[in-house]
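Structural characterization, general
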Amino acid sequence: MAEPALAVRRRSRISSARKRSHPPAQPGATSSPLARKRPSGGGEGTPAEPLCNNDSEEDMFGDYDSFHESDSLLAQVLDAEPQHSQEKGLDVKAAGRFAHGNLQSEMDQSKQGNLHAAGDSSVRKVDEHYGFQMNENDAGDADEDLSDSVFDELPSSQLLYLEKTRELSSRSQRSAGTERMDKWENSSLDKIRCPSSPCPDSGHKNRSTKSSKGSVCDSCKSVSLKDHLKNALTGNAKAQTPKVSKTKQLKEAILSEEISVARETIGSSSFDIGPFYGLPSKVKHLLRQFRGIETLYEWQHDCLTLKSLQQRKNLIYSLPTSGGKTLVAEILILQELLCRQKDVLMILPYVAIVQEKVWGLSSFGIELGFLVEEYAGSKGRFPPIKRRIKKSLYIATIEKGHALVNSLIETDRIDDLGLVVVDELHMIGEGSRGAVLEMTLAKILYASKNTHVVGMSATLNNVGDLQKFLQAEYYTKNFRPVELKEYIKIRDTIYEVDSKAENGFTFSRLLNFKYSSSLEKADPDHIVALVTEVIPKYSCLIFCPTKKNCENVATMVCKYLNKEFRAHREKEKQDLIKNLKDIGNGSICPVLRQTIPFGVAYHHSGLTNDERKSIEEAYSRGVLCLLACTATLAAGVNLPARRVILRAPYVASEFLKKNQYKQMIGRAGRAGIDNAGESILVVQEKDKHLVRDLITSPLENCYSNLLPEITKGMQYLLLSLVGLKIAVTQEEVYSFMCHTLLGVQQQLLLKEKSLSEIVRDELENLIEKGLLKGKIMEKDQNSKSTLTVTLLGKATYKGSIDVSYCNLLYKELRKGLEGLVLESSLHLLYLATPYDMVSNCSPDWMIYLRQNVDSTAVNRLYLSFVLYALLKETNVWSVSEKFNMSRGYVQNLLTSAASFASCILHFCEELEEFWVYKALLTELTKRLTYCVKTELIPLMEVAGVLEARAKQLYNAGYKTLAHLANANPETLVKTIEHLSRRQAKQMVSSAKMLLSEKAEALQEEVEELLKVPTDIP
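Basis of the calculations
Residues numbered from 1 in each chain as written. Predicted model: local features only at pLDDT ≥ 70, side-chain atom pairs only at ≥ 80, totals over all residues. Heavy atoms only, no water. Helix = DSSP H or I, 4+ residues; strand = E, 2+ residues; numbered from the N terminus. Contact = heavy atoms within 4.5 Å. Areas by Shrake-Rupley, 256 points an atom, 1.4 Å probe, with all protein chains shown as cover. Salt bridge = Lys/Arg side-chain N within 4 Å of Asp/Glu carboxyl O. Buried < 20%, exposed > 50% of the residue type's maximum accessible area, 1.4 Å probe, protein only. Axes fitted to C-alpha atoms, helices over the stretch in contact; angles between N-to-C directions. Parallel < 35°, antiparallel > 145°, perpendicular 65-115°, else oblique. Nonpolar A, V, L, I, M, F, W, Y, C, P; charged D, E, K, R; others polar. Core = buried A, V, L, I, M, F, W, Y, C linked by side-chain atoms within 4.5 Å. Pairing = 2+ DSSP bridges. Expected span 1.5 Å × (residues − 1). Disulfide = S-S within 2.5 Å. Polar contact = N/O pair within 3.5 Å; in protein donor to acceptor, adjacent residues only side chain to side chain. Patch = residues over 30% accessible without salt bridge, like charges linked within 9 Å, V, L, I, M, F, W, Y side chains within 5 Å. Phe/Tyr/Trp six-rings, centres within 6.5 Å; stacked < 30°, edge-to-face > 60°. pLDDT = per-residue confidence, 0-100.

Focus: the overall build of the chain
- When helices and strands are tallied, the chain shows 45 helices and 19 strands.
- Contacts in the chain between residues far apart in sequence, at least 24 positions, make up 73% of those at least 6 positions apart.
- Summed over all atoms, the accessible surface of the chain reaches about 46,600 Å², with 50% contributed by carbon and sulfur.

A short note on the pattern of salt bridges
- Here the structure, examined in full by the defined rule, presents 34 salt bridges.
- For the salt bridge of R312 with E336, the shortest nitrogen-to-oxygen distance reads 2.8 Å. Taken as a pair, R312 in the loop between α14 (307-310) and β1 (314-318) and E336 in helix α15 (residues 325-339) lie far apart in primary sequence, 24 residues in all.
- Residue classification places R312 among the partly exposed residues on the basis of a relative accessible area of 27%.
- The partner of K571 in a salt bridge is D575, and the shortest N-O contact between them spans 3.2 Å. Here K571 and its partner D575 are both found in helix α23 (residues 570-583), four residues apart, which amounts to about one turn of the helix.
- Because the salt bridges share partners, they merge into one network encompassing E410, K794, K798 and E910.

Concerning the environment of L972
- Looking at the secondary structure, you find L972 in helix α44 (residues 969-975).
- By relative accessible area, L972 is classed as buried at 0%.
- Taking the C-alpha atoms as reference points, L972 and V988, 16 residues apart in sequence, are found 9.3 Å from one another.
- Leaving out residues up to four positions away in the same chain, L972 has contacts with L953, Y958, L964, A967, L979, A984 and V988.

Remarks on the packing of helix α34 (residues 806-818) against helix α39 (residues 887-909)
- Packing of α34 against α39 leaves a shortest axis separation of 12 Å and a crossing angle of 75 degrees. When the axes of α34 and α39 are compared, the pair comes out roughly perpendicular. Across the interface between the two elements, C806, L809, Y810 and L813 of α34 pack against I904, F907 and C908 of α39.
- Taken together, the residues of the contact of α34 with α39 sort by class into seven nonpolar, no polar and no charged.

Examining the nonpolar core
- M737, F907 and L928 are the most contacted members of the largest nonpolar core, which totals 108 residues.
- In contact with L928, other than residues within four places in its own chain, are L829, L867, L871, L894, A897, A898 and A901.

Overview of helix α26 (residues 658-665)
- Most of α26 sits out of view: six of its eight residues are buried.
- Three or more residues of α26 are buried, namely K658, N659, Y661, Q663, M664 and I665.
- Considering only its buried residues, α26 is in contact with β8 (484-490), β11 (540-543), β14 (643-646), β15 (650-651), β17 (677-683) and α27 (688-696).

Focus on the pairing of β11
- By the alternation rule, side chains of β11 split into C540 and I542 and L541 and F543, which are all buried.
- Where β11 lies against strand β13 (residues 626-629), four bridges are found, and the strand directions are parallel. Looking at the pairing, I542 lines up with A628 of β13.
- With four bridges joining them, β11 and β14 adopt parallel strand pairing. Its bridge partner being in β14, I542 is matched across the sheet by I645.

What to know about the environment of F276
- Inspection of the secondary structure assignment puts F276 in the loop between α11 (246-267) and α12 (281-291).
- The buried category is assigned to F276, whose relative accessible area is 6%.
- Considering only alpha carbons, one finds F276 and I331, 55 residues apart in sequence, at a separation of 9.5 Å.
- For F276, the residues in contact, after removing those within four places along its chain, are V283, K284, L287, L296 and I331.

Observations regarding the sheet that holds strand β9 (residues 493-497)
- Taken in spatial order, the eight strands line up as β10-β9-β8-β17-β14-β11-β13-β12 in an open sheet, and their pairing is mixed. Each having just a single partner strand, β10 (505-510) and β12 (600-603) make up the two edges of the open sheet. Across this sheet, the average inter-strand angle for adjacent strands is 25 degrees, counted without regard to direction.
- Judged from the four bridges that link them, β8 and β9 form a sheet pairing that is antiparallel.

Details of helix α16 (residues 351-368)
- With 18 residues, α16 extends 25 Å between its outermost C-alpha atoms, agreeing within 8% with the 26 Å of an ideal straight helix rising 1.5 Å per residue.
- Most of α16 sits inside the fold, with 13 of its 18 residues counted as buried.

Let's talk about the state of the cysteines
- Scanning all chains against the criterion turns up zero disulfides.
- No disulfide involves C540; its sulfur sits 8.5 Å from the nearest other cysteine sulfur, which is in C625.

What to know about the sheet that holds strand β7 (residues 472-476)
- Within the open sheet, the seven strands sit side by side as β3-β4-β2-β5-β6-β1-β7. Their pairing is parallel. Two strands in the sheet have a free side with no partner beyond their single neighbour: β3 (371-375) and β7. Averaged over all neighbouring strand pairs, the angle between strand axes comes to 15 degrees, with direction disregarded.
- For β1 and strand β6 (residues 452-457), the ladder comprises four bridges, and the chain directions are parallel. Each residue of the ladder has a partner; that of L315, found in β6, is V454.

Some words on the side chain of H426
- Structurally, the position occupied by H426 is in the loop between β5 (417-422) and α18 (431-447).
- Dropping the residues within four chain positions of it, H426 is found in contact with S457, T459, L460, Q663 and C702.

Regarding the packing of helix α37 (residues 855-873) against α39
- The contact between α37 and α39 brings their axes to 11 Å, and the two run at 95 degrees. Between α37 and α39, the angle is such that the two are roughly perpendicular. Within the contact between the two elements, α37 uses R860, L863, V866, L867 and L870 and α39 uses Y889, V890, L893, L894, A897 and F900.

Overview of the pairing of β9
- Between the end of β8 and the start of β9, which pair antiparallel, lie two residues, with R491 showing a positive phi angle near 55 degrees.
- Two strands pair when backbone bridges link them, and β9 and β10 are joined in this way by five bridges, in the antiparallel orientation. Residue E496 lies in a different strand from β10, and its bridge partner there is T506.

Things to note about the side chain of H603
- Along the chain, H603 falls in strand β12.
- Side-chain polar atoms of H603 contact the side chain of E616, separated by 2.9 Å.
- In contact with H603, other than residues within four places in its own chain, are R612, E616, L627, A628, C629, T630, L633 and L639.

Regarding a nonpolar patch on the surface
- A cluster of nonpolar side chains, V1006, L1009 and L1010, forms an exposed patch at the surface whose accessible area comes to about 360 Å².
- According to the relative accessible area criterion, L1010 is exposed, its value standing at 66%.

Side note on unusual backbone geometry
- In this structure, the amide linkage connecting F382 to the following residue, P383, adopts the cis form with an omega of -10 degrees.
- By the secondary structure assignment, P383 is in the loop between β3 and β4 (392-396).
- Cis rather than trans, the peptide bond between I535 and P536 has omega equal to 0 degrees.
- Here P536 is to be found in the loop between α21 (527-532) and β11.
- At Q341, a residue that is not glycine, the phi angle is positive and equals roughly 55 degrees.
- Structurally, Q341 can be placed in the loop between α15 and β2 (343-347).
- Although it is not a glycine, R491 sits at a positive phi angle of roughly 55 degrees.
- Within the fold, R491 resides in the loop between β8 and β9.
- Residue R491 is classed as exposed on the basis of its relative accessible area, which comes to 58%.

Digging into the packing of aromatic side chains
- Taken as a whole and assessed by the stated rule, the structure comprises 18 aromatic pairs.
- Each ring, one from Y446 and one from F736, has its centre 4.9 Å from the other, and the planes form 70 degrees; the classification is edge-to-face. Pair noted here: Y446 is in helix α18 and F736 is in helix α29 (residues 730-737), with a separation of 290 residues, a long-range link.
- Judged by relative accessible area, Y446 falls into the partly exposed class, the value being 28%.
- Look at F736 and you get buried, because its relative accessible area is 1%.

Here we look at the confidence of the model for the chain
- Scored by pLDDT, the chain comes out at a mean of 78, with 71% of its residues at no less than 70.
- The low-confidence segment residues 1-71, where pLDDT is below 50, has 173 contacts with residues more than four positions distant or belonging to other chains.
- Low confidence marks residues 171-223, where pLDDT is under 50. Its contacts with residues over four positions away, or in another chain, come to 80 contacts.

In structure tokens form, the structure reads like this:
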């Protein structure tokens, strides 16, 4: 049997002191060839120049047979060769031992400077980015380590000689003594073979041979060993040595060793948590570097060391806002990605939060070697790419998370998902989005027994129901790193909330602010007095019931502020105004133009994405000190304040709920930013008793919304269950439903019908709509009839289309095939206009109102005109003025249309008759997603980069993703206006992560193309 060729290894050196500090090398670990071919560190450093300029095959060694003064290796080879040819009966193993002795004597002279293999050993490959391998179960006694270390130190040319002598000896008869030596040499040579060569020229010279032993010996006779050795040494000399810092190599080796230890720790049942909660110490350094976190809170340590987590039990944990819940989740995510080598899904409530989290975790992904993928809006691939090496962290909105889980179940990959983290778990009780979240979790729990589920929230009450649904343990602490004091204000008196008091609150103080008669009339609630106590030194948020009220409050406050407020960071405020003008192509909201010089602005859904991001960044930097905002900010991005003022106990016209109240006041006094926090609820005398009930009442319970949201909830769930083959009979469907939150709460929620009756009725509805096929039996009949999904049904659940209008969508797409107008994109835009946006549209078309025309069709057509104008002009400001709509509504329409176009695309992919729409909708979805000039799209693919920032980057010369990924953050800060150092670093990290994802995807395609089929005839 032919032996595989011995690849040539390059040697590296460190000081003898560092060498002695490492344990002996363990067998089986080799440095990755990729690490030797390119500098490590994700692009840091430049490739080394070639070490020699002579690229010919000329003998580079001349008359020198040895690099040492006495023993000539090549001379010994030449002497050994004729001797072997003359004495065929000679046991060449003895000659191998003789040569090995000489080689070892040569090694003793240079051994002091050699790099010990311990830095690379006993570690399994974590990522090609680091170029190290890990071995989880390395074992060997001291004798094996000693012998292996001798061979590890040999240069590749000498290893090649030993390989050749080993091949020559294969034909000679072995004695008992030589068999023992052969056994030792075999094991040693197997250890030292490298899977690939770092030498560009050595790949073809040292490839494995598949010929017989006789042919090997014949080839050895025709080619001199001296020539083989010279070729190998020539290849070594020509090979480029990467200019990688030895310190960096050592750090990476330590990181790999720690990950190995962490994996063993996580895999075992012991409570030895390793360097940093089962993670390498580099994670701790990165938390300090990126987040400024030095130590964990006591509750975080307790939570991470819970026995339930060690036993892989599901967990729900609840703490007040700003308690540090997210950090615990992120550490659990890193444990899953790095130690258990499983993918992770993180579900967040809003697109903006998803983008913020992708932005923040990309830096960790670059440093630790995992991918961060965004699933929000129209972004995301279904099913996700199956990665060969790197693991993925999917960060998704509720809807995209559900679609992702469906695709994993359909492709039998749900077990690849090791952990699912749900933020704002209380949203399971909120409308159609809560129904989708419940469906997602129920499917994960039912389809995979290996996926760990962790949910967190600041506002949970009926935890028992959620525990039973998720089969989870519960952990809670009433901890806040910054003390929060709650107050209510009635007239000019401020009371402190006190649960021990009879009325729920006690007197605190009177407002000390002189009001003129005009100010008293304009500001009866004393907002100006409350605000001026904290700004501009500290930040303040005012939550208002409506968007219009936000703008009015901001304007009123600025009208009565002293002119001194204008001087505070005046230049930065002017820069912000200039930036907002650039965003609006010369236009700026008159309210913002008036309020920003005072450090005041409003924040609600009426702003465009670019405007909102600019205002949020200015507030975070302290340029703006006061925001008048709606309740949506409470559950949105992290914008803390020293003082939070609730303008009224209402959201729109509805009285405030306890959960909403807690979310709003939770923005006061965030850790690391303020040393104190306070909230003030402004109350009218007529609402005093309602507020007392609000303060003293418990949090609202979470109830299942599968029934109230019947088409988006129950019917859609049943359809997908059958389509994914999770449950294919009426009995199996009912069994699944018993494991949902609705099943847990059925005695409380179901009064008129039982759960089995509801399941039967809804399955019948789906059959009537042509989405399912099968027979439904009555209650007393035990039906085993199999249900199947129709093509329309499959397209509906795969496209995430609402069951209530899937038939309407199908009819309109069919009608479109008869006369699809492609002169412009208007017809396609009409088809992609979301149905749920129609009810909010009020077109001023008197001519249509006088005719008997379907209002839904008219409204959709009107909205499609808005979208058409957007794609032509790509400017939200001008389009909103043209159609007399708020720019926030136009922005929301564009986002919804992009998402709906993506859904229709997946819908059409399942129906062969709609093949023509696939290419058309792919391009339309892309145009709607970005709605910018084509050259800006690559930059806007980066999480957090919106149109205004993309224009700045493009004009500064950063025209592609590669430009941005390889940019110097310091240069970006100097070149791009209004860009902080932290934002620049995160932007570069996000670009690197996206580039890495694209490269990995291409590699996957190459691997798939080159894969040899297993069923070749």
